[in-house]
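So the chains spell out like this:
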Amino acid sequence: MPAIGPSPMDDAQLAVFVQLICNYFSASTRSTPQLGSPSIEFGTPRLLDYTGFIRFSGASPGWIYISFTQPMARTLLTKLGEQQQDSEMIRDAVGEIASIVTSNAREHFGSSFRVSLPIAISKGEDLPIPEGMPQFAYDINWESHKGILGIVLAPEAAVLPS
Amino acid sequence: MNPHLPYRRTSACSHVGAEPLLYYHDWQLLEHCDGVKPASSVAKDLGISEFAITESLERLLTHGLIKAEAINYGDYWHASQSHGKKERATSANAERVAEHKAMLSAVELVAARIAQLEQALTNALGTLQAHTPTAAAAPAPVAAVEVPAPQAVAPEAAAPATAQQQAAPLAQRAPSALPTRAGVTSGRGPSPAAPVPPGFAAGQPATRAAAPAAASQPVAPRPQPQPAVPPAQKQTQLPQGQQLKPLVDAIIAKAGGGTKGQLAVYRVFLKVPSHMLAAAGLGKLSLIDQTVVIRDSELWTNIVRAAQEVAGLDYSPV
């Protein structure tokens, strides 16, 4: 999975990235999501029915993911004006949402922002991230649905970027 | 990683030389991973505790020495037939296992008796302190019960701090803190002559089993009745436990607070060995309202060290 550009992702940028995801929901659906308290989760990532992964690299390589329940994804599609809502369509839409968020991030950070093409998976499919990595996860409350926004950093990221 | 699945040795087994260093029972388990029998069942036969087997599997998986195995019925039938023969051959060792278990029980009884005596001693000390306030700060009785010397504290805080320090190490040696890992491992003693697993050159298992046992101390050749608790084990349990929240808050503050600080905590935990977190039952750590208490001193040391390395935080609990 080739990465783009040379600049690393530090914690301030990660925080901005999280905010960009929230902004996407607010702007495209006119309904602002609420982030729950963050937690560190150990073991296999807690994923819902559909998940979009965005891989970034640099000094702190890792992944950001957004996970949706099927009802949440359907509501989102309805809000976006999409009538076709079969599972394949939902999966594509989740990938598309991750793509838009990535584009917004590149717009914000500049073209040197190192990020790969997003990957969308359905529940039960192989994860694009290594097993056993701790996750930094927020619960998302949106339109009475619950989703998950997570960050997974590679082990070599266990150093605060200067 | 699921201990109820069967695991098979991978081709990596034939490439390992003197490395990696594993515990004695890790090698035992590896030797018996035939891809048919669930690991939990193998562990039971070997007398390895459920706790130890989980850690063993994780270490073997980490080194790529085993993988979970799914087989068809034909393979199962053939493997189970040969496995049956092997089981019959090893049944002669059951008596020896029973002997080791009996020895373990004896050691635990001695440990329990020592714990009772220590409790009585603690009570006596408490009574003594209540009647003679100056005795609390005296170093002599502290040394007699192997309590660490009191830290430098303000005079007004000296008495309660000393009392706490005296109670702590004694509680570490209570029977509940004794048990399984080092005790069971050392109690098992050397394994009976076992068949050489496929993929190993002749004579290698014994060499491999001996090397990690010598390098790391949890495996002793034979249990001796005198030492109720091995010295290393005295430090594995924090009697009162350490609240994680003050440390987490300190890391967050040190890293600038907010999401940045929370991500710093996350980076700290990236450096803590996952098997230790799993052993402590730590599945999720809330960064706002967590109330986790760490009781494993090794885990606590690792977290504090990681906080120092990642966030430059020199943490000493109040």
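The structure under discussion appears in the preceding block.
Below is a short write-up of the structure. (Residues numbered from 1 in each chain as written. Chains lettered and ligands numbered in written order. Predicted model: local features only at pLDDT ≥ 70, side-chain atom pairs only at ≥ 80, totals over all residues.)

**Some words on the overall build of chain B**
Link 1 in the chain: Scanning chain B from terminus to terminus reveals 13 helices and six strands.
Link 2 in the chain: Counting all 318 residues of chain B, 26% fall into the buried class.
Link 3 in the chain: Excluding contacts between residues fewer than 6 apart, the proportion of contacts in chain B whose partners are at least 24 apart in sequence is 77%. (Helix = DSSP H or I, 4+ residues; strand = E, 2+ residues; numbered from the N terminus. Buried ≥ 20, exposed ≤ 12 C-beta atoms within 10 Å, placed from the backbone. Contact = placed C-beta atoms within 7 Å.)

**Regarding the environment of Gln-240 of chain B**
All names here are of chain B.
Link 1 in the chain: Mapped onto the elements of the fold, Gln-240 is located in strand β4 (residues 237–243).
Link 2 in the chain: For Gln-240, a count of 11 C-beta atoms within 10 Å translates into the label exposed.
Link 3 in the chain: Note: C-alpha distance between Gln-240 and Ile-294 (54 residues apart in sequence) is 9.0 Å.

**Regarding the interface of chain A and chain B**
Link 1 in the chain: Each partner contributes to the interface: chain A provides 21 residues, whereas chain B provides 25 residues.
Link 2 in the chain: Counting residues per element, the side of chain A that touches chain B draws most heavily on helix α1 (residues 11–29) of chain A, at five residues.
Link 3 in the chain: Of the pairings in the sheet, the one linking strand β2 (residues 39–41) of chain A to strand β5 (residues 284–286) of chain B comprises three bridges and is antiparallel in character. Opposite Ile-40 of chain A, over in β5 of chain B, you have Leu-285 of chain B as the bridge partner. (Pairing = 2+ DSSP bridges.)

**Side note on the nonpolar core**
Link 1 in the chain: Counting residues in hydrophobic clusters, the biggest one holds 65 residues, and the most contacted among them are Val-94 of chain A together with Ile-251, Ala-264, Val-265, Val-268 and Ile-303 of chain B.
Link 2 in the chain: The residues contacting Val-265 of chain B, other than those within four sequence positions of it, are Ile-40 of chain A together with Val-248, Ile-251, Ile-252 and Leu-287 of chain B.
Link 3 in the chain: Judged by nonpolar contacts, the second largest core, of 19 residues, contains Tyr-24, Val-42, Ala-43 and Ile-53 of chain B. (Core = buried A, V, L, I, M, F, W, Y, C linked by C-beta atoms within 7 Å.)

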